[in-house]
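If you want the building blocks of each chain, they are given just below.
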Amino acid sequence: MKNITPTQLLDSLHWRYAVKAFDPNGKIPEEQWQAIANALVLTPSSYGLQPWKFLVVRDQPLRTKLKTFSWNQSQVTDCSHYVVFLHKKTINEEDVEEYMQQISETRGLPTASLEGFRKMILSDLATGPRSKIIQEWAIRQTYIALGNLLTTAAMLGIDACPMEGLDPLEYDKILGLENTRFATSMACALGYRSPQDGLAKAKKVRFPAAQLIEYR
Ligand SMILES: Cc1cc2nc3c(=O)[nH]c(=O)nc-3n(C[C@H](O)[C@H](O)[C@H](O)COP(=O)(O)O)c2cc1C
């Protein structure tokens, strides 16, 4: 595998910014989109449980409805791909069982050999102390996917805007999620920056590394 250089990495991360105005005509080519979609799937999660779904909203009238509950931010309707991150509201035995089956099939292991792992997850997330904050736990997992997506897109030269400025409960209603196992965490708009977006040239505002990173 060929690694990129530190300079290439940092160039990509400096190039990316949270786009305020997308070019409505800019469409992500299918091959690039598939790489991004695969990066979402490849996101790591706690125990590997993947308590999420990524809803790509293509329908323009649906996006217009969502925009109303997204502080009217133009990114929702003007971007190429609008991804809504969903998390599982609860984790139950079936979720863990489904995951054990997946491990078993993928790695050719008997499910009996996974019994300890299964019990460990259940006693933590389904019945243990963390079951009380399970929705929070699941939301946190989706933020890992968001971070992964932002970096991946930047490395491909694709613009993005993470979107927390939205009403998740209204999203759930519009997207018909209310009686499902999933709920909205946040969203991410992807596409190409408009030449009119002045923020593209703005300097990055970050605290100094010496303040944020401590070595002991
Ligand atoms: C979780 C999250 C939610 C955000 N929500 C919005 C949003 O709704 N609208 C927006 O314009 N920017 C949003 N941002 C962008 C941030 O304001 C931006 O990332 C931050 O100011 C740093 O600037 P930069 O990303 O351009 O380097 C969000 C960022 C994150 C990480």
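In this report, we go over the structure that sits alongside the text. (Residues numbered from 1 in each chain as written. Predicted model: local features only at pLDDT ≥ 70, side-chain atom pairs only at ≥ 80, totals over all residues. Heavy atoms only, no water.)

The next point concerns the side chain of threonine 142. Inspection of the secondary structure assignment puts threonine 142 in helix H7 (residues 134-155). For threonine 142, a relative accessible area of 0% corresponds to the buried category. Engagement of the side chain of threonine 142 in a polar contact is seen with the side chain of serine 185, the distance being 3.0 Å. Non-local contacts of threonine 142, meaning those with residues more than four positions away in its chain, are made with Trp52, Phe85, Leu86, His87, Ser185 and Met186. (Helix = DSSP H or I, 4+ residues; strand = E, 2+ residues; numbered from the N terminus. Buried < 20%, exposed > 50% of the residue type's maximum accessible area, 1.4 Å probe, protein only. Polar contact = N/O pair within 3.5 Å; in protein donor to acceptor, adjacent residues only side chain to side chain. Contact = heavy atoms within 4.5 Å.)

In this fold, cysteine 79 is placed in the loop between helix H4 (75-78) and strand S2 (81-88). In this structure cysteine 79 comes out as buried when scored by relative accessible area, which is 2%.

Here we take up the site of the ligand. Residues in contact with the ligand amount to 15 residues; listed here are only the nearest, Arg16, Lys20, Gln73, Lys204 and Arg206. Taking arginine 16, its side chain carries an N or O atom lying 2.6 Å from an oxygen atom of the ligand. At 2.9 Å from a nitrogen atom of the ligand is found a main-chain nitrogen or oxygen belonging to glutamate 164. When the free accessible area of the ligand is taken as 620 Å², the share hidden by the protein chains comes to 66%. (Near = heavy atom within 4 Å. Areas by Shrake-Rupley, 256 points an atom, 1.4 Å probe, with all protein chains shown as cover.)

What follows deals with a nonpolar patch on the surface. A cluster of nonpolar residues, Ile4, Leu9, Leu10 and Met155, forms a patch on the protein surface that exposes about 330 Å² of accessible area. Tracing the chain through its elements places leucine 10 in helix H1 (residues 6-15). (Patch = residues over 30% accessible without salt bridge, like charges linked within 9 Å, V, L, I, M, F, W, Y side chains within 5 Å. Salt bridge = Lys/Arg side-chain N within 4 Å of Asp/Glu carboxyl O.)

Bringing the packing of aromatic side chains into the picture now. Tallied over the full model, the rule gives four aromatic pairs. Arranged with centres 5.5 Å apart and planes meeting at 80°, the rings of phenylalanine 54 and phenylalanine 85 form a pair that is edge-to-face. Of this pair, phenylalanine 54 sits in strand S1 (residues 52-57) while phenylalanine 85 sits in strand S2; the two residues are 31 residues apart in sequence, bridging distant segments of the chain. Assessed through its relative accessible area of 0%, phenylalanine 85 is described here as buried. (Phe/Tyr/Trp six-rings, centres within 6.5 Å; stacked < 30°, edge-to-face > 60°.)

Further remarks concern the environment of threonine 90. Relative to the helices and strands, threonine 90 resides in the loop between S2 and helix H5 (93-107). With 92 residues separating them along the chain, threonine 90 and phenylalanine 182 place their C-alpha atoms 8.5 Å apart. Beyond its immediate chain neighbours, meaning those up to four positions away, threonine 90 contacts Asp95, Ile134 and Arg181.

To continue, consider unusual backbone geometry. Positive phi is not limited to glycine here, since tyrosine 47 has a value of about 60°. By secondary structure assignment, the location of tyrosine 47 is in the loop between helix H2 (30-41) and S1. A positive phi is found at glutamine 50, a non-glycine position, where the angle reads about 50°. Within the fold, glutamine 50 resides in the loop between H2 and S1. For glutamine 50, a relative accessible area of 36% corresponds to the partly exposed category.

With that settled, the discussion passes to the sheet that holds strand S3 (residues 159-163). Two pairing modes exist for strands in a sheet, parallel and antiparallel, and in both the strands are linked by backbone hydrogen bonds. Ordered in space as S1-S2-S4-S3, the four strands form an open sheet in which the pairing is antiparallel. Edge positions in the open sheet fall to S1 and S3, since each of these has one partner strand only. Strand-to-strand twist of the sheet, defined as the mean angle between neighbouring strand axes without regard to direction, takes the value 25°. Two elements, S2 and strand S4 (residues 182-191), share eight bridges in a ladder whose sense is antiparallel. (Pairing = 2+ DSSP bridges. Axes fitted to C-alpha atoms, helices over the stretch in contact; angles between N-to-C directions.)

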